[in-house]
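Given next are the chains, with one letter for each unit.
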Amino acid sequence: MTRVCVLDYGSGNVRSVYNLFAALSASVVVSSTPSDIADASHVVLPGVGAFGAAMQKMCHALPLDDLRDAVLVKRKPFLGICVGMQVLATQGDEFGSYAGLGWIPGTVRRVDHGSLPLPHIGWNNIVCQHPSPLLAGLEHEPDFYFVHSYAFWADDPRHMVATTEYGENFCSVLQRDNLFGVQFHPEKSQRAGLQLAKNFLSYP
Amino acid sequence: MKKARVIPVLLLRNGWLVQTRQFRRYQHLGNPVTAVERLSEWAADELIYLDITQDDGYDTGRSDLGHPNRQSFFEIIDDVSRAALMPITVGGRIRSLRDIENRLARGADKVCINTKALAEPVFIEQAAKEFGTQCLVLSIDVKVTGAQRCVMAEGGTRATEWEPEQWACEVERLGAGEIFLNAIDRDGMKTGYDLDLLATVSTAVTIPVIACGGVGDWAHFAEALERTRVDAVAAANIFHYSDQSVVLAKRYLCERGLNIRPPDVLTGFLAA
């Protein structure tokens, strides 16, 4: 049975992420306990704010060993949103250098925005680079809602399954096996966000 | 490519959705949550939700309306964030960092600040440090007095020393993420935006400017997007009077070749 655990570590708009999956009639729990992670079929890590602060809060509030077991050993589908995606990296360079979870090799750095304002706030389209089950059934180059200044550069370009242009092309959708990450906010992206969430729930 | 945004504004007064004209003359439009459900179905890019209640009285029984609204503003934000899978900016009566925190915790993505920032500019800096510039929208209300434009505080009732572009640059420097620019004289007049004001402010700053005040026709949105550097076009009244207003506005702007997110209708999705 599909049961979503939205990880609560005191960061991010947990309520909106809950609303997204609830709108799909999924069974959703907002939690940080080992038993809820163990019972979940799908795990979602939301997040807003800076990389270092998010990592610090996660280390403090989440049972990381249980999470690793669920996601890397039991291979439950995992979706990181915004900073929740960025912390999958080996390292993040926002307000100093911080170690990430390192589940997908890569680094997080500021978007080279040229003359455009940062943060990058608003609706922007993604361009699919490699097929991914997360992007099934979406329109051609769909728009999603972004709010961020930093982005993920994966060491292996095949992990960057979609990109978005804002001054430069950055990775907007990330996938390595059962690990997914999105730089935008599906919970704020209406039809496209719902479709993406639905795709995530139908994985594998 | 990033899109220009079309943003409906909802004004809440004593718990009811209202229409205004030059920041006065309030007319009731009905339930604040059903309006959001509609705008959500019509796939608005974002919503701005402003509480313009002047006293502390949350309406608890307008006999002429027959169905008193007993919800508090926070309960309304709860319902609004549940109904809207889109970014929501909440403003009005924000006087402390705690007020911001409360609104963000209830599902607001950004907050809109005005009077407090004018009274105490350092508040912008503190708020930016605490919550990030991305969630700080500075509302600037402007009134024409003689040959000059003047920034107004306290819901348009008190004049300040600031000229709009001067104050806009200052709030950007202090950490505002966006500017919500309102022309009080145009509010509810349907004569179009104050394009000079929009042009002056949007070229003075690099942060996004949201235009508001005066829209009476979809073409007014296009004028602002074509002739000034604003990042978003907002309006209140015009979105509440026609069925599928947002869809119609977007269809018009798309046909005019503007770079916006195409129209969509999301029926059935948001039943929960």
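Residues numbered from 1 in each chain as written. Chains lettered and ligands numbered in written order. Predicted model: local features only at pLDDT ≥ 70, side-chain atom pairs only at ≥ 80, totals over all residues. Heavy atoms only, no water.

**So, the packing of aromatic side chains**
Two descriptors summarise a pair of aromatic rings, namely the distance from one centre to the other and the angle between the planes of the rings.
All names here are of chain A.
Right, so step 1: If you walk through the whole model with that rule in mind, you get 14 aromatic pairs over all chains.
Right, so step 2: Aromatic side chains F180 and Y203 sit 5.0 Å apart centroid to centroid with 85 degrees between the ring planes, which places their arrangement in the edge-to-face category. Residue F180 is found in strand 14 (residues 179-182), and its partner Y203 is found in the segment after helix 6 (190-201); the two are separated by 23 residues along the sequence. Taken as a pair, F180 and Y203 share a single burial class, namely buried.
Right, so step 3: Counting every residue linked through ring pairs, the aromatic cluster contains F21, F180, F200 and Y203. (Phe/Tyr/Trp six-rings, centres within 6.5 Å; stacked < 30°, edge-to-face > 60°. Helix = DSSP H or I, 4+ residues; strand = E, 2+ residues; numbered from the N terminus. Buried < 20%, exposed > 50% of the residue type's maximum accessible area, 1.4 Å probe, protein only.)

**Notes on the pattern of salt bridges**
Residues and elements named next belong to chain B.
Right, so step 1: All chains considered together, the criterion is met by 26 salt bridges over all chains.
Right, so step 2: One salt bridge in this structure joins R173 and E170, with 2.9 Å as the shortest N-O distance. Taken together, the positions of R173 and E170, both in helix 6 (residues 164-174) and 3 residues apart, correspond to about one turn of that helix.
Right, so step 3: If you follow the salt bridges from partner to partner, you end up with K2, R5, E46, K110, E178 and D231 in one network. (Salt bridge = Lys/Arg side-chain N within 4 Å of Asp/Glu carboxyl O.)

**What about the interface of chain B and chain A?**
Right, so step 1: Taken together, the contact between chain B and chain A spans 31 residues of the former and 24 residues of the latter.
Right, so step 2: Interface area for chain B against chain A, summed over the two sides, is near 2500 Å², with a carbon-plus-sulfur share of 53%.
Right, so step 3: At the junction of chain B and chain A, the tally comes to 4 salt bridges.
Right, so step 4: K3 of chain B serves as the salt-bridge partner of D143 of chain A, at 2.8 Å between the closest nitrogen and oxygen.
Right, so step 5: Where chain B packs against chain A, one counts 18 residue pairs in polar contact (both at pLDDT 80 or more). (Contact = heavy atoms within 4.5 Å. Buried area = accessible area lost by both parts, 1.4 Å probe. Polar contact = N/O pair within 3.5 Å; in protein donor to acceptor, adjacent residues only side chain to side chain.)

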